[in-house]
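Letter by letter, the chains look like this.
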Amino acid sequence: MSTVATPARQASGGINTKLVNRIVIYGLLALFALFYLMPLFVMLVTSFKTMDEIQNGNMLALPKAPTFDPWLKAWGETCVGLTCAGIKGYFWNSIKMVVPAVLISTMLGALNGYVLTKWRFRGATLVFGLMLFACFIPFQSVLLPMATILGSVGRFGVTLQNSVGTSFGLGNSTVNLVFVHVVYGIGFTTLFFRNYYEAFPTELIKAAQVDGASFFQIFRRIMLPNSMPIFVVTVIYQFTNIWNDFLFASAYAGTGDAMPMTVALNNVVNTSTGVVEYNVNMAAAMIAALPTLIVYVVAGRYFVRGLMAGAVKG
Amino acid sequence: MSTVATTQIKLTPERSRTSVRSRLQDALPKIVLAPSFAITIVFVYGFILWTIYLSFTNSKTFPSYVITGSRAYQRLWGWTFDTDPPSSWYTSITNMGIFGFLYILICLALGLFLAILLDQKIRGEGVLRPIYLYPMALSFIVTGVAWKWFLDPGLGLEQTLHQWGWTSFHFDWIKNKDFVIYTVVIAGVWQASGFIMAMFLAGLRGIDGEIMKAAQIDGATTFQLYRRIVIPLLRPIFLSAFIVLAHLAIKSYDLVVALTSGGPGGSAWLPSNFMYEYTFKRNEMAVGSASAVIMLMTIVAIIVPYLYSELREKPR
């Protein structure tokens, strides 16, 4: 009897504990969701409030009279350093820097990954190891030499400008930043593509070679059409990293008109002149965050899936 | 005879042409890889050597190339124990220890915890996952701005709780030189833990369901199941996550700038901030370079064994 009763009792007790368990799990998950959402929520509601409401109201309260003015002011009027023309110019600076840097570093990464997996040569692992380690260095250890080189290139650009009439982009801060981001980005892009192509069937390449396909034909006709997932991962990764970079941006374009968005935002927020307009600061921060946020919301699932499938090997 | 000769004459140039072409074909992969490799050698390894060189000179505002010995390192070494008043180097490395330890530990623990919770066949997982993950998309500057506001005693959390009637609540860590580094930990964990969660979740999904079933049939409780079977199986993920976090921690620079502007009297500095300040603002280039070299060596000690084992394990 008892042997029959015990499992039955256990089962009914099991259902109760199961219910409690579910409540605890969902409660905890909701609590953490709050923790992650809170700062964004505060930033968002503050950016739609008037200064008056911010000073007298509650941080968590929804705006009583939502106003779009802080956003317009952040975009077109707020002061970055001494120039008061909003952050729109700096937003475009970032776009002009990010797009070429992402495209170039991704293409190079794809080619490198293709060579390192499908055209292996002696020492390929060493080459890859050296490029991979470059991903992990603290950039402080190359910051100063790069500043020196960019300075010399800039002076050469001025000389060219004076003698030939064009500097060919030498010394242009945006060009400099594109270059820097490509140089220190190819390690990661190569890693992503190498790990992805490693799993790509080599027999297909062999077969194409037998049919007389050349190096670039194989890349274009066979590799590229099958690389969509890893392209998504690499582009998102590079886009977020470069858009969000602050160290290189402040070291090589920290002042002047070529300043990227992150540096401009930091200047807006830390300007100590006059009344601090928190709503404008928050709107500026939201504008700086939007491009990467949108990318994550739209393509985030592919990013995580792709990253787990190939890039970060467990 | 003549026919043979002509064919031979005809053949030779063609063969040599194909051999040039095929040799070019053979070399093409290396030619394609060469620019990237050259760039890495010059701009990573060359520049590292350059920085090491500078750290042994007496460079101040401008680089000087006369080797003057290890004075910069001696100064850093002296400052390492300068506790009264603490030197900014002492503060930076102490902060690095506190920040690095707590940041990595909490991110790993929270990431694993959330991943296990999310793996319990949760309805709405598709909504929750992006909520946990989105901070990773933000720049440290934005994160800093948001948390600076949230933690500000006069505007943020403290003020809100006061308005709700909890007037004794006091939370001014962000303005307190002894606690400001912990606010950097909070903001850092907020930003990275979701990503670590995603890594663990992927690891959990990769575990063979049969093993779990077998253990459950053997009567293992859920807790035992995770402690004895699942977590040991996740060991490689722990390692990857640790590498990612350690690397993020040592590189952290922007967050300190945006969240605390360095903290009261530079009390929130990390070595990266120290390096930047000394190199570009205090005109102590040699000391700045020496601190960069120390940062690099720390990373080398963590990353090189990892890379070595990763690349060696899968020989081809």
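Residues numbered from 1 in each chain as written. Chains lettered and ligands numbered in written order. Predicted model: local features only at pLDDT ≥ 70, side-chain atom pairs only at ≥ 80, totals over all residues.

Turning our eyes to something else, we now look at the overall build of chain A. Helix and strand counts for chain A come out as 14 helices and zero strands. Against the globule reference of 20 Å for 314 residues, chain A gives a C-alpha radius of gyration of 26 Å, more extended than a compact globule. The principal-axis extents of the C-alpha atoms in chain A amount to approximately 100 × 70 × 35 Å. Expressed as a percentage of its 314 residues, the buried residues of chain A come to 44%. Within chain A, counting contacts between residues at least 6 apart in sequence, those at least 24 apart form 74% of the total. (Helix = DSSP H or I, 4+ residues; strand = E, 2+ residues; numbered from the N terminus. Rg over C-alpha atoms; globule rule 2.2 N^0.38 Å. Buried ≥ 20, exposed ≤ 12 C-beta atoms within 10 Å, placed from the backbone. Contact = placed C-beta atoms within 7 Å.)

What follows is about the overall build of chain B. For chain B, the count of helices and strands is 13 helices and zero strands. Along its sequence from the N terminus, chain B presents helices and strands in the succession α-α-α-α-α-α-α-α-α-α-α-α-α. For 316 residues, the compact-globule estimate of 2.2 N^0.38 gives 20 Å, and chain B exceeds it by more than 25% at 28 Å. Referenced to the eigenvectors of the C-alpha coordinate spread, the extents of chain B come out at roughly 110 × 70 × 30 Å. Sorting the 316 residues of chain B into buried and exposed places 38% on the buried side. Long-range pairs, those at least 24 residues apart, make up 66% of the contacts in chain B between residues at least 6 apart in sequence.

Moving on: the interface of chain A and chain B. Contacts between chain A and chain B engage 69 residues on the former and 77 residues on the latter. For the side of chain A that touches chain B, the elements supplying multiple residues, two or more each, are α1 (2-47), α4 (88-118), α5 (124-136), α6 (140-163), α8 (186-198), α11 (228-244), α13 (261-270) and α14 (278-311) of chain A. Looking at the side of chain A that touches chain B element by element, the count peaks at 13 residues for α14 of chain A. Grouping the constituent residues of the side of chain A that touches chain B by class yields 49 nonpolar, 19 polar and one charged. (Nonpolar A, V, L, I, M, F, W, Y, C, P; charged D, E, K, R; others polar.)

Residues and elements named next belong to chain B. Among the structural elements, I237 can be located in helix α10 (residues 235-251). Taking the C-beta count within 10 Å as the criterion, I237 has 26 such neighbours and is therefore assigned buried. With 34 residues separating them along the chain, I237 and G203 place their C-alpha atoms 6.7 Å apart.

Core analysis: the biggest nonpolar cluster contains 173 residues, and I87, L265, A284 and A285 of chain A together with A146 of chain B have the highest contact counts within it. Broken down by element, the residue count for this core peaks at 15 residues, all from helix α7 (residues 180-205) of chain B. A domain split of this core shows at least three residues from each of domain 1 (2-47) and domain 2 (71-311) of chain A. When residues no more than four places from it in sequence are discounted, the contact partners of A146 of chain B are P39, L40, V42, M43 and A285 of chain A. (Core = buried A, V, L, I, M, F, W, Y, C linked by C-beta atoms within 7 Å. Domains from an automatic or database assignment.)

Once that is clear, we can look at unusual backbone geometry. All names here are of chain B. Unlike most non-glycine residues, S261 shows phi in positive territory, near 50°. For S261, the location among the structural elements is in the loop between α11 (254-260) and α12 (271-281). The phi torsion at N283 lies on the positive side, around 55°, for a residue other than glycine. Its place among the elements puts N283 in the loop between α12 and α13 (285-313). By C-beta crowding, N283 is classed as partly exposed, having 13 other C-beta atoms within 10 Å.

As a further point, take the domain arrangement of chain A. All names here are of chain A. Taken as a whole, chain A is organised into domain 1 (2-47) and domain 2 (71-311). On a C-alpha basis, the centres of domain 1 and domain 2 stand 41 Å from each other. Split by residue class, the side of domain 1 that touches domain 2 holds two nonpolar, two polar and no charged.

Turning our eyes to something else, we now look at the packing of helix α3 (residues 88-118) of chain B against α12 of chain B. The relative placement of two packed helices comes down to the angle between their axes together with the axis-to-axis distance. All names here are of chain B. Put simply, α3 and α12 touch, their axes get as near as 8 Å, and they point 150° apart. Between α3 and α12, the angle falls in the class roughly antiparallel. Packed against α3, whose contacting residues are S88, W89, S92, I93 and M96, the element α12 presents P271, N273 and F274 at the interface. Across the contact of α3 with α12, the residue classes break down as five nonpolar, three polar and no charged. (Axes fitted to C-alpha atoms, helices over the stretch in contact; angles between N-to-C directions. Parallel < 35°, antiparallel > 145°, perpendicular 65-115°, else oblique.)

Residues and elements named next belong to chain A. Its 13 residues give α8 an end-to-end C-alpha distance of 17 Å, which sits within 8% of 18 Å, the value for a rise of 1.5 Å per residue. Here α8 lies mainly inside the structure; eleven of its 13 residues are buried. I186, G187, F188, T189, T190, L191, F192, F193, R194, Y196 and Y197 are the residues of α8 that are buried. (Expected span 1.5 Å × (residues − 1).)

Residue and element names in this part refer to chain A. Mean pLDDT for chain A: 84, with 92% of residues reaching 70 or above. Mean pLDDT in chain A bottoms out at α1, which sits at 77, and peaks at α4, which reaches 93. Every residue in residues 1-12 scores below 50 in pLDDT, and together they form zero contacts with partners more than four places removed in sequence or on other chains. (pLDDT = per-residue confidence, 0-100.)

Here the focus is the confidence of the model for chain B. Residues and elements named next belong to chain B. On average, residues of chain B carry a pLDDT of 84, and 93% of them reach 70 or more. The least confident element of chain B, judged by mean pLDDT, is helix α1 (residues 2-55) at 76; the most confident is α3 at 92. Long-range and interchain partners of residues 1-13, a stretch whose pLDDT sits below 50, account for zero contacts in this model, where long-range means more than four residues apart. If you check the scores for this complex, the pTM reads 0.86 and the ipTM reads 0.84.

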